[in-house]
Amino acid sequence: MLNSDLTTVPGGASGPARKAILQIHPSLRCNLSCGHCYSGSGPTARTELDAATVCQVISDAAAMGYEVVSVSGGEPLMYSGLEEILTHARSLGLRATVTTNGFFTGQERMNRLRELVDVLAISLDGPPEIHNEIRGSARAFERLEAGLENVRQAGIPFGFIHTLTRRNWEHLLWVAEFAAGNGSSLLQIHPLELTGRAGNQMIEDAPEDDVLAKVYLLAFALESKYGDTMKVQLDLLYRDHLREEPGLIYAAESIDDPDEISPAQSLGLIVLEPDGMVVPVSFGFSRRYKLCDLKEQRLADAWPDYLTNGYLLFRSLCRRVWDELCAPDAPLLSNWHEVIVSRSHVTGVISMTNSRAG
Amino acid sequence: MADQKDKPQGSIEEALMRELRFGGIDKDNLKELVGIVAGFHKAGLKKFKVFPKGIPVVDGVRISGLVEASDANRILGEILSKTPRLAAVVAFPYGIPWPEIFRLNIDIGAAAENGPISQF
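Residues numbered from 1 in each chain as written. Chains lettered and ligands numbered in written order. Predicted model: local features only at pLDDT ≥ 70, side-chain atom pairs only at ≥ 80, totals over all residues. Heavy atoms only, no water.

Peer 1: Describe in detail the overall build of chain A, supporting the description with residues and values.
Peer 2: In terms of helices and strands, chain A carries 13 helices and 12 strands. Here chain A has a C-alpha radius of gyration of 19 Å; the compact-globule value for 358 residues is 21 Å, and the two agree. Its C-alpha atoms give chain A principal-axis dimensions of about 55 × 50 × 40 Å. Split by element, the accessible area of chain A, about 13300 Å² in all, is 49% carbon and sulfur. Across chain A, the mean location of the 31 positive side-chain charges is 3 Å away from that of the 46 negative side-chain charges. (Helix = DSSP H or I, 4+ residues; strand = E, 2+ residues; numbered from the N terminus. Rg over C-alpha atoms; globule rule 2.2 N^0.38 Å. Areas by Shrake-Rupley, 256 points an atom, 1.4 Å probe, with all protein chains shown as cover. Lys, Arg positive; Asp, Glu negative; His and termini not counted. Charge placed at Lys NZ, Arg CZ, Asp CG, Glu CD.)

Peer 1: Which residues make up the overall build of chain B, and what values go with them?
Peer 2: Across its full length, chain B carries three helices and four strands. Order of helices (α) and strands (β) in chain B, N terminus to C terminus: α-α-β-β-α-β-β. A burial count over chain B gives 39% of its 120 residues as buried. Per element, the accessible surface of chain B, about 6600 Å² overall, is 55% carbon and sulfur. (Buried < 20%, exposed > 50% of the residue type's maximum accessible area, 1.4 Å probe, protein only.)

Peer 1: Any chance you could break down the side chain of Arg 315 of chain A for me, citing the residues and the numbers?
Peer 2: Residues and elements named next belong to chain A. Within the secondary structure, Arg 315 sits in helix H12 (residues 310-326). Buried and unpaired, Arg 315 has no salt bridge, with Asp 256 as the nearest side chain of opposite charge at 6.5 Å. Of note is the side chain of Arg 315, whose polar atom sits 3.4 Å from the backbone oxygen of Ser 254. Those residues in contact with Arg 315, other than ones at most four positions away along the chain, are Tyr 250, Ala 252, Ser 254 and Ile 255. (Salt bridge = Lys/Arg side-chain N within 4 Å of Asp/Glu carboxyl O. Polar contact = N/O pair within 3.5 Å; in protein donor to acceptor, adjacent residues only side chain to side chain. Contact = heavy atoms within 4.5 Å.)

Peer 1: Describe the interface of chain A and chain B, and please don't skip the residues or the numbers.
Peer 2: Taken together, the contact pairs 29 residues of chain A with 22 residues of chain B. The contact between chain A and chain B buries some 2300 Å² in all, and 69% of this surface belongs to carbon and sulfur atoms. Sorting the residues of chain A by area buried against chain B places Leu 217, Phe 220 and Ser 224 of chain A first, and these three jointly supply 25% of that buried surface. Across the chain A-chain B interface, the total number found is two salt bridges. The salt bridge involving Glu 170 of chain A is made with Arg 21 of chain B; its shortest N-O contact spans 3.1 Å. Inspection of the chain A/chain B interface yields four residue pairs in polar contact (both at pLDDT 80 or more). Those elements giving two or more residues to the side of chain A that touches chain B turn out to be helix H6 (172-181), helix H8 (209-226) and helix H9 (239-244) of chain A. The leading source of residues in the side of chain A that touches chain B is H8 of chain A, at 11 residues. Of the residues assigned to the side of chain A that touches chain B, the class counts are 15 nonpolar, five polar and nine charged. (Buried area = accessible area lost by both parts, 1.4 Å probe. Nonpolar A, V, L, I, M, F, W, Y, C, P; charged D, E, K, R; others polar.)

Peer 1: Hey, could you go over the confidence of the model for chain A for me, with residue numbers and the actual values?
Peer 2: Residue and element names in this part refer to chain A. Across chain A, the average pLDDT comes to 91, with 92% of residues at or above 70. Note that residues 1-16 has pLDDT below 50 and, in this model, 88 contacts with residues that lie over four places away or in other chains. Counting interchain partners and residues more than four positions distant, the pLDDT-below-50 stretch residues 351-358 has 20 contacts. (pLDDT = per-residue confidence, 0-100.)

Peer 1: Please provide a residue-by-residue account of the packing of aromatic side chains, values included.
Peer 2: All names here are of chain A. Tallied over the entire structure, the rule returns 17 aromatic pairs over all chains. A ring pair is formed by Phe 103 and Phe 104, whose centres lie 6.0 Å apart and whose planes are at 50 degrees; its orientation type is tilted. Note on Phe 104: relative accessible area 27%, which makes it partly exposed. Through successive ring pairs, a cluster of aromatic residues spans Tyr 250, Phe 285, Tyr 289, Trp 303, Tyr 306, Tyr 311, Phe 314 and Trp 336. (Phe/Tyr/Trp six-rings, centres within 6.5 Å; stacked < 30°, edge-to-face > 60°.)

Peer 1: Could you give an account of the pattern of salt bridges, naming the residues involved and the relevant values?
Peer 2: Residues and elements named next belong to chain A. For the structure shown, the criterion picks out 23 salt bridges over all chains. Across the pair Asp 118 and Arg 90 runs a salt bridge, and its minimum N-O distance is 3.1 Å. Remark: Arg 90 occurs in helix H2 (residues 82-91) and Asp 118 occurs in the loop between helix H3 (107-113) and strand E4 (119-123); sequence separation between them is 28 residues. Note on Arg 90: relative accessible area 28%, which makes it partly exposed. Salt bridges linked by common partners bring Glu 83, Glu 108, Arg 109 and Arg 112 together as one network.

Peer 1: Which residues make up the layout of surface pockets, and what are the values?
Peer 2: What the second largest pocket holds in volume is close to 420 Å³. Counting residues per element, the ones that place at least two in the lining of the second largest pocket are H9 of chain A together with helix H2 (27-42) and helix H3 (69-82) of chain B. Here the element with the most residues in the lining of the second largest pocket is H2 of chain B; it accounts for eight residues. Each residue belonging to the lining of the second largest pocket can be placed in one class, and the counts come to seven nonpolar, four polar and 10 charged. (1 Å grid on protein atoms, 1.4 Å probe; cavity = no way out; pocket = protein on both sides within 12 Å on 5 of 7 lines; lining within 4 Å. Points joined across faces, edges and corners; volume = space filled by probe spheres on them.)

Peer 1: Can you tell me about the environment of Thr 87 of chain A, naming the residues and giving the values?
Peer 2: Residues and elements named next belong to chain A. Residue placement: Thr 87 occurs in helix H2. Residue Thr 87 is classed as partly exposed on the basis of its relative accessible area, which comes to 43%. Sequence separation between Thr 87 and Leu 113 is 26 residues, and the spatial gap between their C-alpha atoms is 9.4 Å.

Peer 1: Requested: an account of the pairing of E4 of chain A, with residues and values cited.
Peer 2: Residue and element names in this part refer to chain A. Among the five residues of E4, four are classified as buried, and the element is accordingly described as predominantly covered. Sheet topology places strand E3 (residues 95-100) next to E4; four bridges connect them, and they run parallel. The partner of Thr 100 across the bridge, within E4, is Ile 122. In this fold, the crossover linking E3 to E4 by way of H3 has right-handed handedness. (Pairing = 2+ DSSP bridges. Right-handed = clockwise from strand over helix to strand, strands pointing away.)

In structure tokens:
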């Protein structure tokens with residue numbers, strides 16, 4: 001359930017992904033109601049896209065240069081069309097990742113996914129008692145752990161995604177040891193975002209600046225220890241790096257000529273939400289910045305108009321957020337995704353400047 | 001109560017976590033550490049360690065990594081200009097068969113309160 005277009009490794013040197021990503025949230029249905037869920041998914045949610053619609057978006061995205069589909073949710077392993085959309089993505093030569101809570105990783109299911117999934121990302125919030133508390137389930141950790149053997153048996157590469165909070169950061173060494181000890185190839189540490197359900201239930205758990213700084217140091221220590229077998233990725237940006245490289249967050253003053261680059265090069269991550277909206281870079285982005293509403297228009301058809309309107313609005317927003325994050329009194333480390341989604345909902349004067357290079 | 005030096009220390013990561021949890025590193029040092037670590041990373045250092053200095057009685061933090069001679073000047077320049085509370089900077093040749101590689105140790109901690117010491 002993470003937005004991962006920033007290939008952030010410890011140190012904050014982040015940037016648009018090497019491979020452009022179509023992130024897909026086909027459904028908000030989930031067996032759990034996690035306190036930190038930014039999409040507000042849960043057992044009673046019914047918002048869902050049919051597989052044919054998702055496949056159409058995948059086809060358009062592939063033609064636009066996107067190379068990876070990243071399926072999240074809701075719980076993707078509860079989505080009936082999952083294998084259909086993964087098979088379609090594979091037929092187009094795309095890589096695929098699936099993010100799961102680890103409840104439905106039975107051997108038969110994992111064997112079926114073996115040829116369809118390049119990386120299975122499993123959410124892990126800490127040691128058993130913390131994981132279960134945040135997940136609202138006494139069996140969450142037990143199920144996750146039991147399923148790991150099935151994932152390994154199936155031969156699916158996997159990693160863990162850890163949502164960092166004020167309370168669980170002190171267990172980071174445990175999390176890393178658990179991940180590495182179980183054969184994980186990735187530990188992605190993502191600070192809690194106060195959006196969705198977390199905005200109501202976990203306000204007190206947001207990690208403050210000094211916790212982020214401590215985790216930043218710890219992430220390097222962990223990378224040093226486990227880096228040969230497990231990549232440690234921390235989704236934070238260092239202020240001075242942002243100042244020097246605004247392009248990391250689409251805030252460069254000039255915009256490349258769209259005739260010379262693909263849509264995927266213009267926008268490294270697009271997100272398909274369960275209501276049929278396609279938005280830039282992060283789940284929950286204000287609809288003012290949408291690429292399209294699938295109920296009205298196909299993605300491929302919407303792109304030319306988006307490029308001359310919505311995209312410029314998006315770049316203008318990115319520039320304003322860059323100004324904010326680089327200000328002298330800005331935090332040393334920031335979670336760009338959280339900030340830009342938040343600012344996208346702020347109404348006010350929106351400037352549209354076209355300063356395309358070339 | 002057992003003396004601190006009698007406590008089992010565990011790994012470097014555990015020692016660092018202990019310092020971070022129990023306030024062994026103040027906020028200013030923390031910010032400077034983040035800046036140095038970020039600078040190391042941006043300079044392309046893939047492998048370096050961050051660990052408490054002075055185990056078992058911790059009096060600071062050391063960042064240690066290998067740098068190429070061609071990068072050392074730039075990295076040192078950045079660190080010296082952006083980290084006024086340095087305790088020590090030590091660079092020494094990694095040795096044969098890699099004479100162009102240096103190990104760089106950068107210390108931040110209590111010693112900085114007595115004034116910066118730079119050793120080359």
